[in-house]
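Residue-level listing of the chains:
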Amino acid sequence: METASQNTCFGGIQGVHTHASTTCDCDMTFGLFLPAEAQDGPVPVLWYLSGLTCTHENAMVKAGAQGWAAEQGIALVFPDTSPRGDDVANDDAFDLGQGAGFYVNATQNPWVPHFRMWDYVADELPAVLAENFPLDMDRQAITGHSMGGHGALTLAMSLPGRFRSVSAFAPICNPTGGDWGRKQFAAYLGEDESTWAPYDSSLLMAERGFDGPVLVDTGTSDQFMELLRPETLAGAMAARRQEGMFRMQKGYDHSYFFMSTFMEDHVAFHAEALHAG
């Protein structure tokens, strides 16, 4: 692992690190914010999964999370959204290929050699973090935006006991039922739609729910509302009587202005779960 940069940030350190990923068969880069408390011992971890077209850097620079995480003594992990490199498959469309990994394990060519973002976020990157940094991996939470919100919700519900809490900003809630999902799942996973269900948070919520608190925020003026399909997740949460909050925030869109506005809420929500017990 190599450290690309380190900057003092709210009394802690914002680092950017690169390592050779065996899962994705390429170099992968991630951001990691360590609060000041990490100098004295392991700290709890909040994962932030970004959306379409993003790298590790977008939320790290724009979301305004570090200040709130520093107040709570929580580390922040900012993974990339896909494998990258000259030999990694890509597409001319912004919503497929590099920058659009959708947090799935691809089974179809030309994607299968590198696009294994589920295994990368679920297994490989946690192992890298645990080996190299003072993190308490028994206290983890996860959040994300848009495609990353989809990833956060599906990972949380599919890995019971891993995350103490999950939240999402404007998540893609029902990818098997909308154009942000059906196109990508057909490409990455093939035409057999039975293989898509494990990556749909609305279907997972209806089937199993989450063993902890959930917080979801979506703006009422989100320009991608028809692609996000928030009503499907809200309905599944209500039908299951899932512990949590589903909020529609008046006037907000899909941008980082929306996320930064409610970031304090989300970090505090996770801090309550991470520091409990």
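The coordinates are above.
This write-up is about the structure you can find in this document. (Residues numbered from 1 in each chain as written. Predicted model: local features only at pLDDT ≥ 70, side-chain atom pairs only at ≥ 80, totals over all residues. Heavy atoms only, no water.)

**A few points about the packing of aromatic side chains**
- The full count for this structure, using the stated rule, is 14 aromatic pairs.
- When the ring of Trp111 is compared with that of Tyr188, the centres are 5.4 Å apart and the planes differ by 90°; the resulting orientation is edge-to-face. Separated by 77 residues along the polypeptide, Trp111 in the loop between β5 (75-79) and α3 (117-132) and Tyr188 in helix α5 (residues 179-189) bring together distant segments of the chain. Assigned by exposure class, Trp111 and Tyr188 land together as buried.
- With 5.6 Å between their ring centres and 75° between their planes, Trp118 and Tyr199 make a pair best called edge-to-face. (Phe/Tyr/Trp six-rings, centres within 6.5 Å; stacked < 30°, edge-to-face > 60°. Helix = DSSP H or I, 4+ residues; strand = E, 2+ residues; numbered from the N terminus. Buried < 20%, exposed > 50% of the residue type's maximum accessible area, 1.4 Å probe, protein only.)

**Quick notes on unusual backbone geometry**
- Pro110 follows Asn109 through a cis peptide bond whose omega is 5°.
- You can see Pro110 is positioned in the loop between β5 and α3.
- Positive phi, normally seen in glycine, also occurs at Phe10, with a value near 50°.
- Of note, Phe10 is situated in the loop between β1 (2-9) and β2 (12-21).
- At Asp25, a position not held by glycine, the phi torsion is positive, near 55°.
- You can see Asp25 is positioned in the loop between β2 and β3 (26-34).

**A closer look at the pattern of salt bridges**
- The final tally for this structure, using the stated rule, is eight salt bridges.
- The salt bridge involving Arg84 is made with Asp80; its shortest N-O contact spans 2.7 Å.
- Exposure remark for Arg84: the relative accessible area of 26% places this residue in the partly exposed category.
- Looking at Asp80, the relative accessible area reads 5%, which means it is buried. (Salt bridge = Lys/Arg side-chain N within 4 Å of Asp/Glu carboxyl O.)

**A short note on the packing of helix α2 (residues 65-72) against helix α9 (residues 256-274)**
- The geometry of α2 relative to α9 is characterised by a closest axis approach of 9 Å and an angle of 30° between their N-to-C directions. Looking at the two axes, α2 sits roughly parallel to α9. The handedness of the crossing between α2 and α9 comes out as right-handed. Side by side, α2 and α9 meet where Ala65, Trp68, Ala69 and Gln72 of the first sit next to Met263, Glu264, Val267, Ala268 and Ala271 of the second.
- Of the residues assigned to the contact of α2 with α9, the class counts are seven nonpolar, one polar and one charged. (Axes fitted to C-alpha atoms, helices over the stretch in contact; angles between N-to-C directions. Parallel < 35°, antiparallel > 145°, perpendicular 65-115°, else oblique. Left-handed = near helix turned anticlockwise from the far one by under 90°. Contact = heavy atoms within 4.5 Å. Nonpolar A, V, L, I, M, F, W, Y, C, P; charged D, E, K, R; others polar.)

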